[in-house]
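Understanding the architecture of this molecule
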Amino acid sequence: MPQDSPLTVVEMWTDGACKGNPGAGGWGAWMRSGERERELCGGELVTTNNRMELTAVIEGLRALTRPCAVTLHVDSTYVMHGMTRWLAGWKRNGWMTGAKAPVKNKDLWQALEEEVQRHDVSWVWVKGHAGDPGNERADRLANQGVDVARGAAAVAG
């Protein structure tokens, strides 16, 4: 992506959570750039863990108002491999897997691809629940997102 000025450098950690699969789910993203930090979270009452993992990355990248150089820390091999290994083949095969089945979460993969194209993204896999401070923070935000979804449902119900 051509740029006239250097890209802002952002480190981002994302995570998804689901209480039941499917069940109430949440997503969280924590990002920092220099001295600035930002936390985001949200959730859905009926979803899956994979959908929340994807949504966390989409919403984190979407929150960046201009193209950035993003180091993206994820504990989901599903998300990382989907973007770095599988996406091109899925598109080439008309959004079918190698087993000739429709790609699950196609809507989110397409949204994620659109967001990734706006940025210079470097993918970093981190082991979940293993003490990485950014991952632990994103996990807390994702669980907060579950509570937000449940609370919104209780108010609406």
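Residues numbered from 1 in each chain as written. Predicted model: local features only at pLDDT ≥ 70, side-chain atom pairs only at ≥ 80, totals over all residues. Heavy atoms only, no water.

A word on the overall build of the protein
- The helix and strand tally for the protein stands at four helices and five strands.
- A compact globule built from 157 residues should have a C-alpha radius of gyration of about 15 Å, and the protein, at 16 Å, falls within 12% of that.
- Overall size of the protein, expressed as C-alpha extent along the three principal axes, is 50 × 45 × 30 Å.
- Scored against the burial criterion, the 157 residues of the protein give a buried share of 45%.
- The contacts in the protein between residues at least 6 apart in sequence include a share of 68% that link residues at least 24 apart. (Helix = DSSP H or I, 4+ residues; strand = E, 2+ residues; numbered from the N terminus. Rg over C-alpha atoms; globule rule 2.2 N^0.38 Å. Buried < 20%, exposed > 50% of the residue type's maximum accessible area, 1.4 Å probe, protein only. Contact = heavy atoms within 4.5 Å.)

Some remarks on the packing of aromatic side chains
- A complete count under the given rule lists five aromatic pairs for this structure.
- Ring centres of Y78 and W109 lie 5.2 Å apart, and the angle between their planes is 65 degrees; on these two criteria the pair is classed as edge-to-face. Of this pair, Y78 sits in helix α2 (residues 77-92) while W109 sits in helix α3 (residues 106-117), placing them 31 residues apart in sequence. In this pair, the class of Y78 matches that of W109, namely buried.
- With a centroid separation of 5.8 Å and 50 degrees between ring planes, the pair formed by W86 and W90 is classed as tilted. Pair noted here: W86 and W90 are both in helix α2, with a separation of four residues, about one helical turn.
- An aromatic cluster of at least three residues, connected via ring pairs, comprises Y78, W86, W90, W95 and W109. (Phe/Tyr/Trp six-rings, centres within 6.5 Å; stacked < 30°, edge-to-face > 60°.)

Focus on α2
- With 16 residues, α2 ought to run about 22 Å at 1.5 Å a step, and its terminal C-alpha atoms sit 21 Å apart, in line with that.
- If you look at α2, its biggest bend is around 65 degrees, right at W86.
- By the burial criterion, the buried members of α2 are Y78, V79, M80, H81, G82, M83, L87, G89 and W90.
- Buried-residue contacts for α2 involve α1 (49-62), β4 (68-74), α3 and β5 (120-125). (Expected span 1.5 Å × (residues − 1). Bend = angle between axes of the 7 residues up to and from the residue.)

Brief notes about the sheet that holds strand β3 (residues 36-47)
- If you trace the five strands from one edge of the open sheet to the other, you get β3-β2-β1-β4-β5, paired in mixed fashion. One side of each edge strand has no neighbouring strand; the edge strands of this open sheet are β3 and β5. Pairwise comparison of adjacent strand axes, ignoring direction, gives a mean angle of 20 degrees for this sheet.
- Here seven bridges tie strand β1 (residues 8-20) to β4, and the two strands are oriented parallel to one another. Among the inter-strand pairings, E11 is bridged to a residue of β4, identified as T71.
- Where α1 meets the sheet, its contacts fall on β1, β2 (23-33), β3, β4 and β5, and the angle it forms with β1 comes to roughly 155 degrees. (Pairing = 2+ DSSP bridges. Axes fitted to C-alpha atoms, helices over the stretch in contact; angles between N-to-C directions.)

Quick notes on the nonpolar core
- Among the nonpolar cores identified, the biggest contains 33 residues, and V70, W109, L112 and W123 are the most heavily contacted of them.
- For this core, the secondary structure elements donating two or more residues are β1, β2, α1, β4, α2, α3 and β5.
- Those residues within four positions of V70 in sequence are excluded, and the remaining contacts are V10, M12, L61, L64, H119, D120, V121 and S122. (Core = buried A, V, L, I, M, F, W, Y, C linked by side-chain atoms within 4.5 Å.)

So, the state of the cysteines
- What the rule picks out here adds up to zero disulfides.
- With no disulfide of its own, C41 lies 15 Å from the sulfur of C18, the closest cysteine sulfur.
- The exposure class of C41 is partly exposed, given its relative accessible area of 28%. (Disulfide = S-S within 2.5 Å.)

Looking at the environment of W30
- Relative to the elements of secondary structure, W30 occurs in strand β2.
- The exposure class of W30 is buried, given its relative accessible area of 6%.
- Each C-alpha atom, one on W30 and one on Y78, is 19 Å from the other, the two residues being 48 residues apart in sequence.
- Residues within four places of W30 in sequence aside, it is in contact with E11, M12, W13, E37, R38, E39, G134, R137 and L141.
- Here the side chain of W30 touches E37 through a polar contact of 3.3 Å, side chain to side chain. (Polar contact = N/O pair within 3.5 Å; in protein donor to acceptor, adjacent residues only side chain to side chain.)

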